[in-house]
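# Analysis of the macromolecular model
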Amino acid sequence: MSAAALLLPLAPLASAAPSVEPAAAPAPTGSSPSSASPPAPGSPSSPGSPSSPGAGAARPASRAERAADRAVGSTQSLAFPKAASGAATRHGSAGAGSAVRIPARTVHRYALLGAVWEHANEALRGRLQVRTRDAETKRWSDWRELTAHGDESRQDDTDGPERGATAPLWVGLADGVEARVLPDGTTTARLGLPDGFRLELVDPGPDPARPAPGRGAPAGPGSTRPESGKPGKAGNAGQSGSREEGAPDSTGPRDENGSPDGTGPQNAEPGGTGSDGTGAEGSGAQGPGSDGTGTGSGDAGSEAAGTGDGAGQEAGAGAGKGAGTAAEGAGVSVLPALSREATEAAYPVASARPGTKPHIGPRPRIVTRKGWGANEKLRESRLAYTKKVKAVFVHHTAMTNRYSCKRAPAMIRAMYRYHVKSMKWRDIGYNFLVDKCGTVYEGRAGGVAKPVMGAHTYGFNTNTMGVAVLGSYDRSRPSKAAVTALSRLAAWKLGISGVNPAARTWLKSGGGKYKKGRKIRFHTVSGHKDGYVTECPGARLYGKLGTIRSTAARLQGR
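Report follows, based on the coordinates. (Residues numbered from 1 in each chain as written. Predicted model: local features only at pLDDT ≥ 70, side-chain atom pairs only at ≥ 80, totals over all residues. Heavy atoms only, no water.)

## As for the overall build of the protein chain
Tallying secondary structure elements over the protein chain gives 9 helices and 18 strands in all. Across the protein chain, every contact between residues at least 6 apart in sequence was considered, and the portion connecting residues at least 24 apart equals 80%. Carbon and sulfur atoms make up 51% of the accessible area of the protein chain, which totals about 21,800 Å². (Helix = DSSP H or I, 4+ residues; strand = E, 2+ residues; numbered from the N terminus. Contact = heavy atoms within 4.5 Å. Areas by Shrake-Rupley, 256 points an atom, 1.4 Å probe, with all protein chains shown as cover.)

So, in structure tokens, the structure goes:
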């Protein structure tokens, strides 16, 4: 096939499902290719071509091998045409409205996708759009656009190459995909794709055994009724597309997102721990502090000791008696919610003056990495720590709101695999995640009470924590349960470091939105957009940060 034939003119799509190439679905692998270039379409090993048996053909994976891979999740890589990868094609050279595409094809089932390329300093010159086929209904979604991560794709401190990537997109259970890269509409645009540009299709693997919720604690995965949500506007990324699997109709009062309206225990208004407080915004400004990181190592599924330089050396950094010990969370699926009194006993705040009451919120119920099914063999064994948590950055995942809460663990497993195997980060980027039903999930490994260094806000990962709400909140209002969960998490996590959630603090920039080395004053509960050039966490969730600050301060007894 000639190079010109790989640059197909963009034709209007018919309303019916597109014809799918008569290609065998690519065998999923346990990981994406790292150093070798992905197979070119048309080659015997290409996902888009039938197998070509004969001399020199690679031995296909056995059924048992494929089953073993899929038991813990898998990733399929689909390469874009090599003619457009690493060799720029000027806009219009293949005709007006030309595009580079992966034709519609059948693939092994997956639930999340994104695109990656070999070098983070290469820009994606064009607009990447995808559409997917529902594995059950066989209906195709509308086209949805994927957004490049920019500088944030290279923010994790790993030893390998820094890959470029788009933000991942959860699409639900799908078995078909089509992708295209369109010119950006400028006369000087070049439609060349970065080296190694490819789609990554992620199967999160099956759910682990689901834990039962603790008494009076937010319901966990599998124990809440599935939410169907409302369909989004066609063509809006993350708001339309394949129907979410396992989401039967349910009844009961709902908010505009289809979430419970706050009548259940998981949506109870915080403050039932015996603390009063006005919730007023506090001043409590902190001066610029020193930065510092540390490293350590820990076994899968256990809390790490965090003895590296800078780890736990500052007052309230989680090194107190009972805080973040190796036994906490080891081998359990859920850390139960604690009362304020039990929290104060378990996590002494070293900065509290003798005779004064510590300001720490009650620990919320947390589903651990074991609880959501993290495959600990994927991540790096080395753990990274910072000194303390001086601020919390709130994010949204910018994916669909039409998910059932019982599928949240699968969404997290898929993001984890994409961050580690596709983007080559050491672990999932967020320290915590929250679903729309208010369940809190442990994110990056290293200990829920420890100051674990995340990869969430480029330039400000030191001395901070990142928490992401599953969903997209540019136009949709976050559920009361999610906002309450964020308040509880901030009250507890900032309280361990002796930080007032309603105050401000100074952070030193590592680059990005602000010049490296510059000290910037932030709210101790801030949005991703405060530290980086982005719209995250969406206007509607960003508008709730004031409520989160005041509620968290009240939960701390301020």
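Okay, back to it.
## A few points about the pairing of strand S15 (residues 464-469)
For S15, a buried count of 6 out of 6 residues is recorded, marking the element as mostly surrounded by other parts of the structure. Across the two faces of S15 the burial is the same, with Thr464, Gly466 and Ala468 and Met465, Val467 and Val469 all buried. Relative to S15, strand S12 (residues 391-396) runs parallel, the two being bridged by 6 bridges. Residue pairing across strands places Ala391 opposite Thr464, the latter belonging to S15. Direction of pairing for strand S13 (residues 432-434) relative to S15: parallel, over a ladder of 3 bridges. Across the sheet, Leu433 pairs through a bridge with Ala468, a residue of S15. (Buried < 20%, exposed > 50% of the residue type's maximum accessible area, 1.4 Å probe, protein only. Pairing = 2+ DSSP bridges.)

## Thoughts on the state of the cysteines
Overall, the coordinates contain 1 disulfide when judged by the stated rule. Two residues, Cys405 and Cys437, share a disulfide whose sulfurs are 2.2 Å apart. What sets the handedness of the Cys405 and Cys437 disulfide is the S-S torsion sign, and at about 90° it is right-handed. A residue pair is termed long-range when its members are at least 10 positions apart, and Cys405 in the loop between S12 and helix H5 (408-422) and Cys437 in the loop between S13 and strand S14 (440-442) qualify at 32 residues. (Disulfide = S-S within 2.5 Å.)

## Looking at the pattern of salt bridges
Enumeration over the complete set of coordinates arrives at 16 salt bridges. Put simply, Asp207 and Arg413 hold a salt bridge, and the shortest N to O gap is 2.8 Å. Of this pair, Asp207 sits in the loop between strand S7 (198-203) and strand S8 (293-297) while Arg413 sits in helix H5, and the two are 206 residues apart along the sequence. By relative accessible area, Asp207 is classed as partly exposed at 23%. The class of Arg413 is buried, set by a relative accessible area of 5%. Here Glu344 and Arg340 are joined by a salt bridge, their closest N and O atoms 3.3 Å apart. With a gap of 4 residues between them, Glu344 and Arg340 both fall in helix H3 (residues 340-346), about one helical turn apart. The exposure class of Arg340 is buried, given its relative accessible area of 4%. Within the structure, one salt-bridge network assembled from shared partners comprises Glu118, Arg163, Arg198 and Glu200. (Salt bridge = Lys/Arg side-chain N within 4 Å of Asp/Glu carboxyl O.)

## A closer look at the sheet that holds strand S10 (residues 366-367)
Strand order in the open sheet formed by 7 strands is S9-S10-S14-S13-S15-S12-S18, with mixed pairing between adjacent strands. The two strands at the open ends of the sheet, each matched to only one other strand, are strand S9 (334-335) and strand S18 (525-527). Helix H9 (residues 545-555) contacts S12 and S18 of the sheet and is inclined by roughly 165° relative to S18. (Axes fitted to C-alpha atoms, helices over the stretch in contact; angles between N-to-C directions.)

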